[in-house]
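Overview (structure and organization)
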Amino acid sequence: MTSNQAASPSIDGAAVLNEVEAFHRRFNVFPREAAYVAVTLWDAHAHLIDCFETTPRVAFLSPEPGSGKSRALEIVELLTPRPVATVSASANALYRLVDSAEGLPTVLFDEVDTIFGPKAGADEALRGFLNAGYRRIGGALRCVGEGSNQNAQVFGSYCAVAMAGLGSLPDTVLTRSVIVRMRKRAPNEKVEPYRQRTHEKQGHALRDQLAKWADTVRDRVANAWPEMPEGVTDRPADVWEPLLAVADAAGGDWPARARAACVELISAAHDNDESSIGIRLLTDLRDKVFCGADRMPTAVIIECLLRMDDGPWGDLDDKPINSRTLGRLLGQYVTQANKPIKSRGIRTPSGFPKGYYAEDLADAWVRYCPPPPGESATSATSATPQVSGGESVADSATAIRHTSAETATQPVPAG
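The rules behind these values
Residues numbered from 1 in each chain as written. Predicted model: local features only at pLDDT ≥ 70, side-chain atom pairs only at ≥ 80, totals over all residues. Heavy atoms only, no water. Helix = DSSP H or I, 4+ residues; strand = E, 2+ residues; numbered from the N terminus. Buried < 20%, exposed > 50% of the residue type's maximum accessible area, 1.4 Å probe, protein only. Contact = heavy atoms within 4.5 Å. Areas by Shrake-Rupley, 256 points an atom, 1.4 Å probe, with all protein chains shown as cover. Expected span 1.5 Å × (residues − 1). Bend = angle between axes of the 7 residues up to and from the residue. Pairing = 2+ DSSP bridges. Axes fitted to C-alpha atoms, helices over the stretch in contact; angles between N-to-C directions. Phe/Tyr/Trp six-rings, centres within 6.5 Å; stacked < 30°, edge-to-face > 60°. Lys NZ or Arg CZ within 6 Å of the ring centre and 35° of its normal. Disulfide = S-S within 2.5 Å.

A tally of regular secondary structure across the protein chain gives 17 helices and 10 strands. Out of the 415 residues belonging to the protein chain, those deemed buried represent 49%. Counted over contacts in the protein chain with a minimum sequence separation of 6, partners at least 24 positions apart contribute 73%. Carbon together with sulfur atoms contributes 50% to the accessible area of the protein chain, which is approximately 19,300 Å² in total.

Our focus in this paragraph is unusual backbone geometry. Backbone phi values are negative for most residues with the exception of glycine, while trans is the configuration of most peptide bonds. Positive phi, close to 45 degrees, is recorded for Arg 82, a residue that is not glycine. Its place among the elements puts Arg 82 in the loop between α4 (69-79) and β2 (83-86). Taking relative accessible area as the criterion, Arg 82 reaches 42% and is therefore assigned partly exposed.

Turning to helix α9 (residues 196-222), a few remarks are in order. An ideal rise of 1.5 Å per residue puts 39 Å on 27 residues; α9 reaches only 34 Å between its terminal C-alpha atoms. The largest bend in α9 is about 55 degrees, located at Thr 216.

We now examine the sheet that holds strand β9 (residues 344-345). Across the sheet, which stays open at both edges, the three strands sit in the order β8-β10-β9 with antiparallel pairing between neighbours. Both outer strands of the open sheet, β8 (295-297) and β9, are each paired with one neighbouring strand and no more. Strand direction decides the pairing type here: β8 and strand β10 (residues 354-357), joined by three bridges, are antiparallel. By the bridge assignment, Met 296 is partnered in β10 with Tyr 356. On top of the sheet, helix α13 (residues 298-306) reaches β8 and β10; it is set at about 85 degrees to β8, its chief contact.

The geometry of two aromatic rings is summed up by the distance between their centres and the angle between their planes. This structure, assessed with the given rule, holds six aromatic pairs. For the ring pair Phe 30 and Phe 60, a centre distance of 5.9 Å and an interplane angle of 25 degrees mean the geometry is stacked. Here the residue Phe 30 occupies a position in the loop between α2 (13-27) and α3 (33-46), and Phe 60 occupies one in strand β1 (residues 57-62), the gap between them amounting to 30 residues. A residue is classified by how much of its surface remains accessible, and Phe 60, at 0% relative accessible area, is buried. An aromatic cluster is defined as three or more aromatic residues linked by ring pairs; in this entry it consists of Phe 23, Phe 27 and Tyr 194. Residue placement shows Arg 25 over the ring face of Tyr 36; its charged tip is 3.9 Å from the ring centre. Geometry around Tyr 357 places Arg 344 over its ring, the cationic atom sitting 3.9 Å from the centre.

Scanning the model with the defined rule gives zero disulfides in all. Not engaged in a disulfide, the cysteine Cys 304 finds its nearest cysteine sulfur in Cys 291; these two sulfurs lie 8.1 Å apart.

Here it is as structure tokens:
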């Protein structure tokens with residue numbers, strides 16, 4: 001036991017992390033339990049960042065606005081040391097911030113998608129800062145001085161960064177990040193209203209507890225080599241090593257929970273970045289294609305979409321929607337079981353083609369689509385069609401209001 005650890009033997013790290021997690025749960029609805037574990041450990045790692053060779057980014061992403069991303073950043077801001085929240089910053093300002101005598105900041109970047117968008121060429125230096133600062137050895141070489149009296153100087157960029165944005169991020173950022181795919185809250189998902197003047201003091205009190213506990217385990221964490229879950233190597237191991245070291249130092253059930261979260265979040269699929277058209281697709285499927293049917297062949301779905309005179313489906317990127325595009329758009333949303341929506345085999349009188357089930361779409365319909373005309377958001381839940389025990393889809397397929405629906409299932413497209 002080190003002298004630091006002996007100084008405050010009464011601080012229970014697991015209990016402190018439990019309180020931090022409970023604080024997040026009051027104001028945030030994360031898409032999976034593993035996200036609460038990861039974000040709590042990330043908050044704690046920011047107090048120990050000088051102990052690590054790498055600092056994972058945490059990115060709160062969603063396909064649509066209003067999914068709780070900014071609120072998640074607000075709560076992280078209360079719990080981390082020297083937070084700097086911004087939606088716009090120059091790379092030079094951030095380099096100087098990191099090199100300031102006050103200590104390493106925790107940078108909280110909202111609307112980060114604007115930095116990485118196709119029209120964000122002027123922010124190349126800012127993207128470089130975010131990428132390089134993942135490792136302690138990262139930085140930028142700049143000339144400083146006046147006139148001809150210039151000297152080369154390396155500016156550090158190593159600091160903890162939390163981000164929030166729409167859609168996705170470049171692979172160079174995703175592979176350095178813990179990704180939390182936020183979703184709009186369903187009608188039955190409630191959170192406590194956040195009031196800064198009240199909850200800021202509570203959050204800062206927890207931040208101070210984290211800081212005191214971090215000081216008692218600093219030497220232990222700095223020399224830790226946490227055991228990785230089987231199969232976690234290379235970049236994912238770099239990302240999760242600081243978080244697992246924090247969990248091991250805290251003890252209790254945190255080491256086991258951290259490794260389970262590590263495996264789950266690493267294996268989670270990354271969503272695509274086609275948000276608004278995705279909601280239109282979900283809504284058209286619910287209101288104009290399925291219309292109460294419990295399942296539908298892919299070919300019939302495509303035909304129905306292409307028959308909509310007011311729909312965008314005949315001209316997506318200069319070509320009609322097809323089975324591949326349909327699968328890509330739906331794959332960014334998830335089922336009730338938190339799995340990407342995918343086509344499945346269904347039984348029809350003419351064969352066993354691929355198609356989609358209403359039960360797989362039901363959760364996305366409730367979360368993202370406006371209520372059906374004349375219905376409230378609550379009643380929309382009960383109106384969602386359910387699969388009826390594996391019965392034949394013959395009646396549904398023939399009731400699609402198109403005489404060629406059965407013919408459209410042959411030949412069967414792939415997916």
